[in-house]
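The residues making up each chain are set out below.
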Amino acid sequence: MDDEGKTVTELAALVGGRVRGDASVRIKSVASLSDAAEGDIAFVEDARLLESVKETRASCVIVPEGAEANAPCLMEAARPKLAFALIAEVLHPPKRFAPARHPTAIISESAQVDESVYIGPHVHVGERTRIGSGTQLHAGVSVGDDVLIGSDCVLRPNVVLYDRVTIGSRVILHAGVIVGADGFGYVRDAENRRHKFPQIGTVLIEDDVEIGAASCVDRGALGRTRIGRYTKIDNLVQIAHNVEIGERVVIAAQTGISGSTVIEDDAIIGGQVGMGDHARVRRGAIIGSKAGILPGKIVRAGSVVWGIPARPLDEYKRLNAHWGRLPTMRAEVEELRRQMKEVLARLEENKEE
Amino acid sequence: MDDEGKTVTELAALVGGRVRGDASVRIKSVASLSDAAEGDIAFVEDARLLESVKETRASCVIVPEGAEANAPCLMEAARPKLAFALIAEVLHPPKRFAPARHPTAIISESAQVDESVYIGPHVHVGERTRIGSGTQLHAGVSVGDDVLIGSDCVLRPNVVLYDRVTIGSRVILHAGVIVGADGFGYVRDAENRRHKFPQIGTVLIEDDVEIGAASCVDRGALGRTRIGRYTKIDNLVQIAHNVEIGERVVIAAQTGISGSTVIEDDAIIGGQVGMGDHARVRRGAIIGSKAGILPGKIVRAGSVVWGIPARPLDEYKRLNAHWGRLPTMRAEVEELRRQMKEVLARLEENKEE
Amino acid sequence: MDDEGKTVTELAALVGGRVRGDASVRIKSVASLSDAAEGDIAFVEDARLLESVKETRASCVIVPEGAEANAPCLMEAARPKLAFALIAEVLHPPKRFAPARHPTAIISESAQVDESVYIGPHVHVGERTRIGSGTQLHAGVSVGDDVLIGSDCVLRPNVVLYDRVTIGSRVILHAGVIVGADGFGYVRDAENRRHKFPQIGTVLIEDDVEIGAASCVDRGALGRTRIGRYTKIDNLVQIAHNVEIGERVVIAAQTGISGSTVIEDDAIIGGQVGMGDHARVRRGAIIGSKAGILPGKIVRAGSVVWGIPARPLDEYKRLNAHWGRLPTMRAEVEELRRQMKEVLARLEENKEE
């Protein structure tokens, strides 16, 4: 960004917005409505919050099309939050890293590293590994042998890639991410000791994936673990051997996915979800936080499930409400039993009369 | 510690204890009652364990005031465990690290590092970062640009601080802690692809905070993520963007806190708890292990909650007991239905008669 | 492996298999039945899958003894999957690392490192630490002072060992494992501030243990945290201070075990399990994924438990089924109440008549 920022006109052109008010105002930064100061652009997506626009100090506010709001400069957009995000990409571009190979970095002779790559201090790059243009390897990153990394990736400090994994382009791996460790598979012998089932497969992480800090993606046992394009994974997530994750999937923090489970495109998985092995989450399904998916279970396309073990959300909520009224039901059953005893006694009397 | 240790008299003075027996005994180490040997000091807080004091080989035992116990040397204290911890601080002070800048460390020219700082092997310190007196950066620590670190902090091996985070004084970050990674926030476009919502905020970790191994604290999206003074966080914990944690809060291992949630002072959060976004845990509330707090939920000050979704502990336990008796209730309802059928038949007969 | 592979005869001799068909075929690699090509060996353990043997392109298939299957070369084995794993060890031995001390590694003068040890780039080894023959320390590993590491261990990149921990022989620690960080123990003072309870104990990891990526094993507070022989631990697992884990135990990903809990030999713990402190899992017990074990709880030897809080699996499943039928029971109770009202009214009428 040049320090002068952009005019509202320029920004509106980027996102197809329509300006109401002074379109020549210069914007330097994005901000929330409440924290914004002069030179900032903010947004309101929820119509109920339009009232607060009049109190902001932002120089421009992005609002839904046709919204009523009181400010010197408004930008109408079909999806204000998206417009805000796209404008932020322009006003706050990621820090640039000039091509470099830090003198403390150890890069194997046989590695093929594009000359535009940034390699920070104390990085290690193994044999025959190839790294595409514009990629950044920050301090302490360790890349094994025979790894492929595409273009314009960002590997934050202390990321570890084991041998033979493949990373697409524009992939972001946050600090401490570990890709390609051995899967958790053993075979017991007669003394109940475990021998490693071969963990000699690979990992494929496709383009435009982002993986959060300290998350782990194990290699396939024999085949491959795959994470599809545009998928976004939060921090401290565990992806086991041979898991297959589709495109545009979202997985929140601390979720764990067991071996050979399949998550199809566009699924959304909450935080701290646990999935057994060989399960399948079909296209577009949504799994609520902390849910537990049993091994082999199939979650229907587009369905929304919750609970341990997971059930359709509506059913789960209904059952949970019933559960909350158990003391009432208990009392009712007690009362019925008391009454029944009385009724039976009365009938016995009548009989005798 | 000098190798001679301290006399019981000296230690008692430190913690306001009262000595019964030979106060001139020299103590070199703390130990548990069962493992203690000559030269050790142990403690008993629970009156039921006083009986075992006579079997210990400890040279001195800290006991509650007025406790009956049989040992050559006792130290009475209002709170024996606290006295023991304070004595341990004196007998087992943290290892000292002399000021140093390891020749393999890479420290930016523009960084301002106090000359008393210890910087270990393979550390990286970014541009314009400032580090206060007595702080230790152990092997492999990576500190970004424009970071502020106070005095007497300890950053264990491979800690990662992203750009622009602020750490107070006497903060302990265990190995693998990651502070300031991007929060998990995206905006979908028309093709269901996700664009990063700007993650350009900061993190503030206040004085005397301790964070356990491999825990992650994300930066604020637009604002700030904050962890208040004296708060203690265990291993593998996830703190999302814009979370606000008060003072003297305790969070056990593997808990995850979603974006913008607020935890007020003195709250206690168990292990593997999951909290949705925009929730609020009021002052002094206690959340049991594995509980799930729904997004937007408010947990009342001083309350104790448990379960998924969380309820007041007493209620949860009562419901759980009812749940355990469901087979009994099922049988009772069956019996009632059988009896009712009989009663209705009997009444029908009576009518006909 | 020499590039020529091994003959089926040679492989059969290794695992006590019996060959049917051409035993002179050369095998170069293991593979799954479906992905196998010429030169591969595959296996079938489940008799229901024998049918698919005829479609594989594997040069040899390991099958149960006496199995009917149609292929040019079969190897009968008592336990095909175990035979397959043992054959994989021969065909795909771990990559060898020649003895080396990378010039960027920092090894204390007082450390005793066997000359056969491989030390990769940017490793740090502290004072008086001893490392046995054939052990590998990969890039960025940080080992503290007074650490003991046995023979033939593999420490993957960025493993951190704090001071004074002990690691046996043939131990595998995956990337990002952290051993010996302080346990999470504090004592409150009058202002509700927490002082560290002394965390001055140690960790013992015995022979043939494997620990997955980013898992954490805290040191004992006063005593020791121990992980017994042949135990296998998955990724992102938390083992707290003073936990005692027996031999041949298996612990799946993201499980957390609180302080002083004991897990006896041969127990199997699922993923995302949470265990309170001072619990005890007796010999051979199995704990289902996501279960919660209450503090102090004893899980009986050989039992199988599940749920939060955990109950015997059969009971848990039965209760869960009852829970799922709560709406039905609710309706039945409603109907009973309606009928009872009617019955009582009828009886009242009869009385009046």
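My aim in this report is to walk through the structure given alongside it, one point at a time.

Quick notes on the rules
- Residues numbered from 1 in each chain as written.
- Chains lettered and ligands numbered in written order.
- Predicted model: local features only at pLDDT ≥ 70, side-chain atom pairs only at ≥ 80, totals over all residues.
- Heavy atoms only, no water.
- Helix = DSSP H or I, 4+ residues; strand = E, 2+ residues; numbered from the N terminus.
- Buried < 20%, exposed > 50% of the residue type's maximum accessible area, 1.4 Å probe, protein only.
- Least-squares fit on C-alpha atoms with pLDDT ≥ 70 in both.
- Pairing = 2+ DSSP bridges.
- Phe/Tyr/Trp six-rings, centres within 6.5 Å; stacked < 30°, edge-to-face > 60°.
- Lys NZ or Arg CZ within 6 Å of the ring centre and 35° of its normal.
- Core = buried A, V, L, I, M, F, W, Y, C linked by side-chain atoms within 4.5 Å.
- Contact = heavy atoms within 4.5 Å.
- Salt bridge = Lys/Arg side-chain N within 4 Å of Asp/Glu carboxyl O.
- Axes fitted to C-alpha atoms, helices over the stretch in contact; angles between N-to-C directions.
- Parallel < 35°, antiparallel > 145°, perpendicular 65-115°, else oblique.
- Nonpolar A, V, L, I, M, F, W, Y, C, P; charged D, E, K, R; others polar.

## Details of the environment of B:Asp314
Residue and element names in this part refer to chain B.
Line of reasoning, step 1. Take Asp314: it is sitting in helix H3 (residues 313-324).
Line of reasoning, step 2. For Asp314, a relative accessible area of 59% gives the class exposed.
Line of reasoning, step 3. Through-space distance from the C-alpha of Asp314 to that of Val304 is 8.4 Å; in sequence the pair is 10 residues apart.

## As for the relation of the copies chain B and chain A
Between the two copies of this chain, the relationship is a rotation about some axis together with a displacement along it.
Line of reasoning, step 1. In the superposition of chain B on chain A (RMSD 0.2 Å, axial shift 0.1 Å), the rotation amounts to 120°. In the structure described here, the two chain copies are related by an operation that fits a three-fold rotation axis.

## Some words on the sheet that holds strand S19 (residues 166-167) of chain A
Residue and element names in this part refer to chain A.
Line of reasoning, step 1. Read across the sheet, 10 strands follow the order S10-S13-S16-S19-S24-S27-S30-S33-S36-S39 without closing on themselves; strand pairing throughout is parallel. The strands lining the two open edges of the sheet, one partner per strand, are strand S10 (112-113) and strand S39 (298-299).
Line of reasoning, step 2. Bridge count for S19 against strand S24 (residues 202-205) is 2 bridges, and the pairing is parallel. In the sheet register, Ile167 faces S24, and the bridge partner there is Ile205.

## Considering the packing of aromatic side chains
Line of reasoning, step 1. Applying the stated criterion across every chain yields a total of 21 aromatic pairs over all chains.
Line of reasoning, step 2. Relative to C:Phe84, the ring of A:Phe197 lies with its centre 5.6 Å away and its plane at 35°, an arrangement referred to as tilted. Placement of the pair is A:Phe197 in the loop between strand S23 (194-196) and S24 and C:Phe84 in helix H2 (residues 80-91), with the two residues belonging to separate chains. The exposure classification of A:Phe197 matches that of C:Phe84, with both residues buried.
Line of reasoning, step 3. Relative to B:Tyr186, the ring of B:Phe184 lies with its centre 5.3 Å away and its plane at 85°, an arrangement referred to as edge-to-face.
Line of reasoning, step 4. Given the relative accessible area of 19%, B:Phe184 is considered buried.
Line of reasoning, step 5. Its guanidinium or amino end placed over the ring of C:Phe197, B:Lys81 lies 5.2 Å from that ring's centre, counting from NZ or CZ.

## Notes on the nonpolar core
Line of reasoning, step 1. Counting residues in hydrophobic clusters, the biggest one holds 189 residues, and the most contacted among them are A:Leu161, B:Leu161 and C:Leu161.
Line of reasoning, step 2. The contact partners of C:Leu161, leaving out residues within four places of it in the chain, are C:Ser142, C:Val143, C:Gly144, C:Val147, C:Ile149, C:Leu155, C:Ile167, C:Leu173 and C:Val179.
Line of reasoning, step 3. With 27 residues, the next largest nonpolar core counts B:Ala213, C:Val160, C:Ile178 and C:Ala181 among its residues.

## Focus: unusual backbone geometry
Line of reasoning, step 1. Of note, the amide linkage connecting A:Ile308 to A:Pro309 takes the cis form, showing an omega dihedral of -10°.
Line of reasoning, step 2. Relative to the assigned elements, A:Pro309 resides in the loop between strand S40 (304-306) and strand S41 (311-312).
Line of reasoning, step 3. One non-glycine residue with positive phi stands out, namely B:Gln272, at about 55°.
Line of reasoning, step 4. Counting through the fold element by element, B:Gln272 comes out in the loop between strand S34 (268-269) and strand S35 (274-275).
Line of reasoning, step 5. The residue C:Leu236 is not glycine, and still its phi comes out positive at about 60°.
Line of reasoning, step 6. Looking at the element boundaries, C:Leu236 is found in the loop between strand S28 (232-233) and strand S29 (238-239).

## Things to note about the pattern of salt bridges
Line of reasoning, step 1. Under the counting rule described, the total for this entry stands at 81 salt bridges over all chains.
Line of reasoning, step 2. In this structure, C:Arg170 and C:Asp207 form a salt bridge, with 3.8 Å as the shortest nitrogen-oxygen distance. Taken together, the positions of C:Arg170 in the loop between strand S19 (166-167) and strand S20 (172-173) and C:Asp207 in the loop between strand S24 (202-205) and strand S25 (210-211) put the pair 37 residues apart, joining distant regions of the chain.
Line of reasoning, step 3. Where salt bridges share partners, they join A:Arg170, A:Asp207, A:Asp208 and A:Arg229 into one cluster.

## So, the packing of helix H4 (residues 326-352) of chain A against H3(B)
Line of reasoning, step 1. Packing of H4(A) against H3(B) leaves a shortest axis separation of 9 Å and a crossing angle of 50°. Viewed along their axes, H4(A) and H3(B) adopt a mutual orientation that is oblique. Across the interface between the two elements, A:Leu326, A:Pro327 and A:Arg330 of H4(A) pack against B:Arg318, B:Leu319, B:His322 and B:Trp323 of H3(B).
Line of reasoning, step 2. Of the residues assigned to the contact of H4(A) with H3(B), the class counts are 4 nonpolar, 1 polar and 2 charged.

Treat this as a map of the structure, not an account of what it does.
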